[in-house]
Amino acid sequence: MANFYLDNKDLQYHLGHPLMKRIIELKERNFADATEFDYAPQDADDALDSYKRVLEIVGDICAEVIAPNAEGVDHEGPRVVNDHVEYASGTVRNMEALNEAGLGGMTLPRRFDGLNMPVTCFAMANEMVARADTGFENIWGLQDCAETINEFATEEIKARFLPRVSAGETCAMDLTEPDAGSDLGAVMLKATWDEAAGVWRLNGCKRFITNGDGDISLVLARTEEGTKDARGLSMLIYDKRDGGVKVRRIENKLGIKGSPTCELVFNNAPAVLVGDRKMGLIKYVMSLMNAARLGIAAQSTGLSEAAYREALKYANEREQFGKPIAKFAAVAEMLKNMEAKTLASRAMLYETARFVDIYKQLTHISHERSLEAEERQEMKFYNRLADGFTPLAKLFSSEYANEVAYDSIQIHGGSGYMKDYACERLYRDARILNIYEGTSQLQVVAAINHVTKGTYLEQILRYEENPRTEATQPLAERLVELRKMYEAAVERVEALDKETQGYKDFHARRLVEIAGYIIMSHIMLRQAGELEEDYLNPTKIFIKYATKKINEAASYINDSETSDVELFRH
Amino acid sequence: MEKVTKIVVMAKQVPDTRNVGKDAMTPEGTVNRAALAAIFNPEDLNALELALQMKDRIGSATVHVLTMGPQRAADIIREAMFRGADGGYLLSGKEFAGSDTLATSYALSCALRKINPDIIVAGRQAIDGDTAQVGPQVAEKLNLPQVTYAEELVEIKEGEATIKRRLERGSETVVTPLPAVITVNSSAKECRPRNAKRVMKYKYALATSELATASDKAKNFIEERPYLHIVEFAAADVNPDASQLGLSGSPTKVKKIENVVLQAKESKTLTAEDKDIEALMQELIASHTLG
């Protein structure tokens, strides 16, 4: 029996990461649930064992149900019937299997029927689901909307919606509109208070809404009449059971065709407010987006895994000139680089997820009691890292997914261009990953602040303190050299930016990428130190690749005068 | 108090013979159990699903798995609990070793007399023996009606079940009084997956003999949670006639096992024209390959 968890040693390695102990401690609060819930763990080992078993269930369903359905779903796609979405038949079967397995509220507290698992484990589940069917991951992965409800809504609202998510109802986040894409401050969907009914009423339209006909939708809407910017926006929940929203159309997309991307029309649809008015975009969407970006990083890593495996399989089976094409140097190098990028994506993803877990749990605890000074320190520390690492994880993993999918077709040659192999679907599916939930360009906008504020440099210096083995020492020294190049590049750019405004913006992506390459190299290197057999070679390969990319970016920066700002102005 | 319908699923742990390698058979011609993974017999999983559907519809019902086998067969009881069963019975002891289908059905029927279920469900057959005899023999021994090749539960109500059976050329729907023995075909719905909460809840479940060698911590843990204790019957617990158990109760003797090697002898090339296809159809019907 194939299993996407058991066949992936790298995933298993990340579940065993030392920080998981601290995450479990925070997540389980002295294992108090054990007296109340028969499925709650008794201690840390028990919790970790449960995580592993649950991930095995996910891995089984991914391999046995979701992956075999992926091609059919891609062809069939969803459709609009009587103003609502009807999923492809394979999608329905996928949901059934996951719901029978009780995987609806993976991270939610047990009092809302959730499994109370860390975000890290949820990301692992998402990664496996995406490897099986990238488009389907959108629908299932949207359960993380419930995290935002859990963090900011009242007890009453939580009690109304969260158990339904645990039972397998799907979610959506209705943010974008025809004239409000990346610029969400321009959202115009109107929310007006209906005094008689005691609810908000939503009117207007939303566009590009993933799973727009989901059971529970978080809607960004303008509650403050007459306002035009972010300060007039609030977050509301629309319950499909109440009615009032029609699906006008499903977009016909290049890829992720099983995931219904909807245009919605709200006609007096009732809704309840989450948290405070006017904080919709400023606070809640930011939280929602950070979780969603981590979700895309997981989705991207899953796609890279699938595309790499497809290529590897084909390259071993396909013979030309009397031997498998994997034996030819040009193909072998591609395969090795694909593997290294996939491992680096995963390393970055789970490093970020662990930071998110710690700070999120401390945040939840801070709502229950006041934190000790040390805990407050810890929360701040990991919050900063999570904020800094999330855009990096999304940026790199989504770009890598595209590169790995591209190379996967290349290795398949002419056959890969035909519809007969999965690599063509993966290639189409990959293309959205560096666009939605903030394009790569917008990830750079979020990340550049952490270049300036020093978040990345501080963490790189911490990584430099990691213990080394004989085999990793020379690589670590290389990374120190690269870090010095990074510092020099930042220094040059900041100095010239003072002379010419816009110079830093011009080089932002290059600086962010240099930082990202060094960070990923360090995480990989730590793994290589712990498990030389599995990680040393891919780490060497990745660091070679990173060195090349960093040299390229640094050389561009060193060669760039302030006049470039004008040269590239449009 | 509302009546609780007691459903028992007879299941078997079998060597996985579906993807066998060279070492699947011993030189003596018996199954090399050491080389093959021990799995839940596939059609018994279909049977478990049918039983769980019965429970879903009745509401007030329990599903328990009964299996005869060595201690490690408790694995399939745990597996069933992960998927929805309430518990299980492990029938284990050296007296049962070497049982053929007659001795197996005798031993199971003794255990079933003790358990006294309202409905008995089983897979059609196990993939190690492929006899499909145990279910029907149990029904005969307990003097119960039997429905074989069950594919779908159409309806279940007090004292009566309506079942769709898979036949060679179609299906038929029958109504059986309960209690009855129902054996389930592989064409029935696949078993539901493991459920996350159930796995977390039942992962420490142990059968009596496993519990005996467990740590004190595990013993205390299970003592506080009786639902984690898998009932284990030894031969003496089910009051059998010893002469009908194990080898002495097994008249079946395997004389010889031969490997069958299928060889393609000839091939024929056909065009896609109607007359060629028609001729092939006639030939296949004449040779009884079709129809």
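Residues numbered from 1 in each chain as written. Chains lettered and ligands numbered in written order. Predicted model: local features only at pLDDT ≥ 70, side-chain atom pairs only at ≥ 80, totals over all residues.

(A) Up close: the overall build of chain B. Per the secondary structure count, chain B includes eight helices and twelve strands. Among the 291 residues that make up chain B, the fraction classed as buried is 40%. Taking the intrachain contacts of chain B between residues at least 6 apart in sequence as the baseline, contacts between residues at least 24 apart amount to 68%. (Helix = DSSP H or I, 4+ residues; strand = E, 2+ residues; numbered from the N terminus. Buried ≥ 20, exposed ≤ 12 C-beta atoms within 10 Å, placed from the backbone. Contact = placed C-beta atoms within 7 Å.)

(B) Quick peek at the overall build of chain A. The helix and strand tally for chain A stands at 19 helices and eleven strands. For 570 residues, the compact-globule estimate of 2.2 N^0.38 gives 25 Å, and the C-alpha radius of gyration of chain A, at 24 Å, lies within 12% of that figure. Reported as C-alpha extents along the three principal axes, the dimensions of chain A are approximately 70 × 60 × 55 Å. Nonlocal contacts in chain A, meaning residues at least 24 apart in sequence, comprise 76% of its contacts between residues at least 6 apart. (Rg over C-alpha atoms; globule rule 2.2 N^0.38 Å.)

(C) The arrangement of the environment of Asp420 of chain A in detail. Residue and element names in this part refer to chain A. Tracing the chain through its elements places Asp420 in the loop between helix H12 (414–417) and helix H13 (422–430). The exposure class assigned to Asp420 is exposed, which follows from the 10 C-beta atoms found within 10 Å. Along the primary structure Asp420 and Glu71 are separated by 349 residues, whereas in three dimensions their C-alpha atoms are 10.0 Å apart.

(D) Quick look at the pairing of strand S3 (residues 171–174) of chain A. Residue and element names in this part refer to chain A. Residues of S3 alternate between two faces, with Cys171 and Met173 on one and Ala172 and Asp174 on the opposite face, all of them buried. Across four bridges, S3 lies against strand S6 (residues 216–222) in parallel orientation. The partner of Asp174 across the bridge, within S6, is Val219. (Pairing = 2+ DSSP bridges.)

(E) Highlighting the environment of Arg369 of chain A. All names here are of chain A. Within the fold, Arg369 resides in the loop between helix H10 (329–368) and helix H11 (373–412). Residue classification places Arg369 among the exposed residues on the basis of 8 C-beta atoms within 10 Å. Placed 37 residues apart in sequence, Arg369 and Tyr406 show a C-alpha to C-alpha distance of 50 Å.

(F) Spotlight on the domain arrangement of chain A. All names here are of chain A. In terms of domain boundaries, chain A breaks down into domain 1 (9–167 + 282–430), domain 2 (171–277) and domain 3 (440–567). If you average the C-alpha positions of domain 1 and of domain 3, the two centres end up 26 Å apart. The partner domain 3 presents 21 residues to the 21 residues of domain 1 that form the contact. Contributions of two or more residues to the side of domain 1 that touches domain 3 are made by helix H1 (9–15), H10 and H11. The element best represented in the side of domain 1 that touches domain 3 is H11, accounting for ten residues. The residue makeup of the side of domain 1 that touches domain 3, split by class, is eleven nonpolar, three polar and seven charged. (Domains from an automatic or database assignment. Nonpolar A, V, L, I, M, F, W, Y, C, P; charged D, E, K, R; others polar.)

(G) Molecular detail of helix H16 (residues 473–499) of chain A. Residue and element names in this part refer to chain A. In this model H16 runs 40 Å from its N-terminal to its C-terminal C-alpha over 27 residues, within 8% of the 39 Å that 1.5 Å per residue would give. Regarding H16, the residues found buried are Leu475, Ala476, Leu479, Leu482, Arg483, Tyr486, Ala489, Val490 and Val493. The inward-facing, buried residues of H16 contact helix H14 (440–452), helix H15 (455–464), helix H17 (503–530) and helix H18 (532–558). (Expected span 1.5 Å × (residues − 1).)

(H) Quick peek at the environment of Met173 of chain A. Along the chain, Met173 of chain A falls in strand S3. Setting aside residues no more than four positions away along its own chain, Met173 of chain A makes contact with Cys145, Leu218 and Leu288 of chain A.

(I) Just the interface of chain B and chain A, in detail. Taken residue by residue, the interface counts ten residues in chain B and 14 residues in chain A. Split into classes, the residues belonging to the side of chain B that touches chain A amount to four nonpolar, one polar and five charged.

(J) Quick look at the sheet that holds strand S8 (residues 160–167) of chain B. Residue and element names in this part refer to chain B. Strand order in the open sheet formed by ten strands is S9-S8-S7-S10-S6-S1-S4-S5-S12-S11, with mixed pairing between adjacent strands. At either margin of the open sheet sits one strand with a lone partner, and together these are strand S9 (170–177) and strand S11 (206–207). Where S8 meets S9, eight bridges bridge the pair, whose relative direction is antiparallel. Its bridge partner being in S9, Thr162 is matched across the sheet by Val175. Helix-sheet contacts for helix H4 (residues 134–141) involve strand S1 (5–10), strand S6 (119–123), strand S7 (146–157) and strand S10 (181–184), and the interaxial angle to S7 is about 70°. (Axes fitted to C-alpha atoms, helices over the stretch in contact; angles between N-to-C directions.)

(K) Quick look at unusual backbone geometry. Leu178 of chain B connects to Pro179 of chain B through a cis peptide bond whose omega is 0°. Structurally, the position occupied by Pro179 of chain B is in the loop between S9 and S10. Unlike most non-glycine residues, Asn116 of chain A shows phi in positive territory, near 55°. Checked against the element boundaries, Asn116 of chain A lands in the loop between helix H4 (89–100) and helix H5 (119–132). Positioned with a positive phi, Asn239 of chain B is a non-glycine residue whose angle comes to about 50°. Assignment of secondary structure puts Asn239 of chain B in the loop between strand S12 (229–233) and helix H8 (274–286). According to the C-beta neighbour criterion, Asn239 of chain B is exposed, with 10 such atoms within 10 Å.

(L) Expanded view of the packing of helix H9 (residues 280–317) of chain A against H13 of chain A. All names here are of chain A. Contact geometry of H9 with H13 gives a least axis separation of 10 Å together with a crossing angle of 155°. Classed by the angle they form, the pair H9 and H13 counts as roughly antiparallel. Crossing handedness for the pair H9 and H13: left-handed. Contacts from Leu303, Ala306, Ala307, Glu310 and Ala311 of H9 reach H13 at Ala422, Cys423, Leu426, Asp429 and Ala430. (Parallel < 35°, antiparallel > 145°, perpendicular 65-115°, else oblique. Left-handed = near helix turned anticlockwise from the far one by under 90°.)

(M) Just the nonpolar core, in detail. Formed by 250 residues in total, the largest nonpolar core has its most connected members in Leu202 and Leu236 of chain A together with Val9 and Val121 of chain B. Looking at this core, the element that brings in the most residues is H9 of chain A, giving 18 residues. (Core = buried A, V, L, I, M, F, W, Y, C linked by C-beta atoms within 7 Å.)

(N) Geometry of H5 of chain A. In this model H5 of chain A runs 20 Å from its N-terminal to its C-terminal C-alpha over 14 residues, within 8% of the 20 Å that 1.5 Å per residue would give. For H5 of chain A, a buried count of 14 out of 14 residues is recorded, marking the element as mostly surrounded by other parts of the structure.

(O) Representation of the packing of H11 of chain A against H13 of chain A within the structure. Residues and elements named next belong to chain A. Contact pair H11 / H13: the axes reach a minimum separation of 9 Å and the direction vectors enclose 155°. With respect to their mutual orientation, H11 and H13 come out roughly antiparallel. In the packing of H11 onto H13, the handedness of the crossing is left-handed. Here H11 contributes Ala401, Asn402, Ala405, Tyr406, Ser408, Ile409 and His412 to the contact with H13, which in turn contributes Cys423, Glu424, Leu426, Tyr427 and Ala430.

(P) Examining the pairing of S12 of chain B more closely. All names here are of chain B. As defined by bridge partners, strand S5 (residues 87–91) adjoins S12 across three bridges and the pair is classed as parallel. Bridge assignment links Leu91 to a residue of S12, and that residue is Phe233. Where S11 meets S12, two bridges bridge the pair, whose relative direction is parallel. Bridging from a neighbouring strand, Leu206 pairs with His229 of S12.

(Q) Layout of the confidence of the model for chain B. Residues and elements named next belong to chain B. This prediction gives chain B a mean pLDDT of 90; 98% of its residues lie at or above 70. Between the elements of chain B, mean pLDDT differs from a low of 87, seen in H8, to a high of 98, seen in helix H5 (residues 196–202). Scored by ipTM, the complex comes to 0.93, with pTM at 0.93. (pLDDT = per-residue confidence, 0-100.)

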